[in-house]
Amino acid sequence: LAAPAAHAQFDLSWYTIDGGGATFSTGGNFSLGGTIGQPDAGMIQTLHQRKDGSTFPVEVSLRPFAAEGKSLMVVVARDITARQLAELHLKEANERFQQFAENINEAFWIRDLEEDRFLYISPAFETLFRRPVSSLYQNARAFLGAVHPDDLERVTAAFVWQREHRQGIELE
């Protein structure tokens, strides 16, 4: 039994429960295209309003379905205040890190010891070692090519120790 396509305008006004009290969203007209009974409906972000007049962001999932010959819709609203705040803090932290990394004259990197690969290499690496950062992303061992032959044994031993003990090292 093939489900008919649902292409209709829905006037949505809904109530949600927030902290034990009902909240009201002004809803609105949302165009929804999808197949009844399939998870290809829509998702919107909007604001809900509490009884006290304050608002909070919500993500609303809309899914049409058919039952007893009627076209119906399940609407689920989630408070996304915490998620949006976490995303903002992450974005700000990333921006601070980028400012730091791009303006420091020392090379540093973040390395995955399990997979023996670099996750991040600061731009100063290219200036200090006169090698492209891309060479290390392609081959983590390429770093050893930048080490002076007199220091190669010591640096290699330090990296092996770091991998075995899962601790940071600082070499000069």
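The structure presented is a predicted model; accordingly, all values stated were derived computationally and were not measured. All residue numbers here refer to positions counted from 1 along the written sequence of the relevant chain. Note on the predicted model: pLDDT of at least 70 is required for a residue's local features to be given, and 80 or more for side-chain atom pairs to be given and counted; whole-chain, interface and lining totals, by contrast, use all residues. For the side-chain quantities, the full set of heavy atoms in the structure was used; hydrogens and water were omitted.

S.K.: Go over the packing of aromatic side chains with me, naming the residues and quoting the values.
M.R.: Between the rings of Phe, Tyr and Trp (Trp by its six-membered ring), a pair exists once the centres lie within 6.5 Å; its type follows the angle of the planes, with under 30 degrees stacked, over 60 edge-to-face, and the other angles tilted. Counted by the stated rule, this structure contains six aromatic pairs. Centre to centre, the rings of F100 and F108 are 5.6 Å apart; their planes meet at 40°, and the pair counts as tilted. Ring centres of W109 and F118 lie 5.9 Å apart, and the angle between their planes is 80°; on these two criteria the pair is classed as edge-to-face. Partly exposed describes any residue whose relative accessible area lies between the buried limit of under 20% and the exposed limit of over 50%, with all areas from a 1.4 Å probe on protein chains only and scaled to the type maximum. Taking relative accessible area as the criterion, F118 reaches 5% and is therefore assigned buried. An aromatic cluster is present here, built from F97, F100, F108 and Y120 joined pairwise through their rings.

S.K.: Please give an account of the pairing of strand β3 (residues 42-49) that cites residues and values.
M.R.: Pairing of β3 with strand β4 (residues 55-67) involves eight bridges; the strand directions are antiparallel. Looking at the pairing, T46 lines up with V58 of β4. For two strands to be treated as a pair, DSSP must find at least two bridges joining them. Runs of E in the DSSP output that reach at least two residues are strands. Runs of H or I that reach at least four are helices, and both are numbered from the N terminus. Taking the residues between adjacent antiparallel strands as the criterion, β3 and β4 are bridged by five residues, where G53 takes a positive phi near 95°.

S.K.: Describe the side chain of D112, naming the residues involved and giving the relevant values.
M.R.: On the secondary structure map, D112 appears in strand β6 (residues 109-112). Only four residue types enter the tally: Lys and Arg on the positive side, Asp and Glu on the negative side, with His and both chain ends excluded. Any Lys or Arg side-chain nitrogen found within 4 Å of a carboxyl oxygen on Asp or Glu counts as a salt bridge. No salt bridge forms around the buried D112; measuring N to O, its nearest opposite-charge neighbour R117 is 4.3 Å away.

S.K.: Describe in detail the nonpolar core, supporting the description with residues and values.
M.R.: Remark: nonpolar core denotes a set of buried residues (Ala, Val, Leu, Ile, Met, Phe, Trp, Tyr, Cys) joined through side-chain atoms within 4.5 Å. Ranked by size, the top nonpolar core spans ten residues in total: F118, I121, F125, V133, L136, A140, F143, V147, V155 and F159. Those elements giving two or more residues to this core turn out to be β7 (117-121), α3 (133-138) and α4 (152-165). Core analysis: the second largest hydrophobic core is formed by six residues, I44, F56, V60 and L62 among them.

S.K.: So, the environment of I104: which residues are in play, and what are the values?
M.R.: With respect to the element layout, I104 can be found in the loop between α1 (81-103) and β6. Take I104: its relative accessible area is 22%, and that puts it in the partly exposed class. Placed 18 residues apart in sequence, I104 and S122 show a C-alpha to C-alpha distance of 8.6 Å.

S.K.: Go over the pairing of β4, please, and point to the residues and values.
M.R.: Alignment of β4 against strand β5 (residues 70-79), held across ten bridges, turns out to be antiparallel. Looking at the pairing, V60 lines up with A77 of β5. The antiparallel hairpin formed by β4 and β5 contains two residues in its connecting segment, where E68 sits at a positive phi of about 50°.

S.K.: Describe the pattern of salt bridges, and please don't skip the residues or the numbers.
M.R.: Summed over the entire model, instances satisfying the criterion amount to six salt bridges. Two residues, E87 and R83, come together in a salt bridge whose shortest N-O distance is 3.5 Å. With a gap of four residues between them, E87 and R83 both fall in helix α1, about one helical turn apart. With a relative accessible area of 46%, E87 lands in the partly exposed category.

S.K.: Go over the confidence of the model for the protein chain, please, and point to the residues and values.
M.R.: Here pLDDT means the predictor's own confidence in every residue, given as a number from 0 to 100. In the predicted model, the protein chain carries a mean pLDDT of 76, and 73% of its residues have values of at least 70. The weakest mean pLDDT in the protein chain belongs to strand β2 (residues 21-35) at 42; the strongest belongs to α1 at 94. Any two residues whose heavy atoms approach within 4.5 Å are treated as being in contact. In the model, residues 1-37 has pLDDT below 50 throughout and makes 86 contacts with residues more than four positions away in sequence or in other chains.

S.K.: Pulling in residues and values, what's your account of unusual backbone geometry?
M.R.: Of note in this structure, E68 is not a glycine but carries a positive phi near 50°. Mapped onto the elements, E68 comes out in the loop between β4 and β5. A relative accessible area of 81% places E68 in the exposed class. Residues other than glycine seldom take positive phi values, yet R130 does so here, at roughly 55°. Mapping R130 onto the fold places it in the loop between α2 (124-129) and α3.

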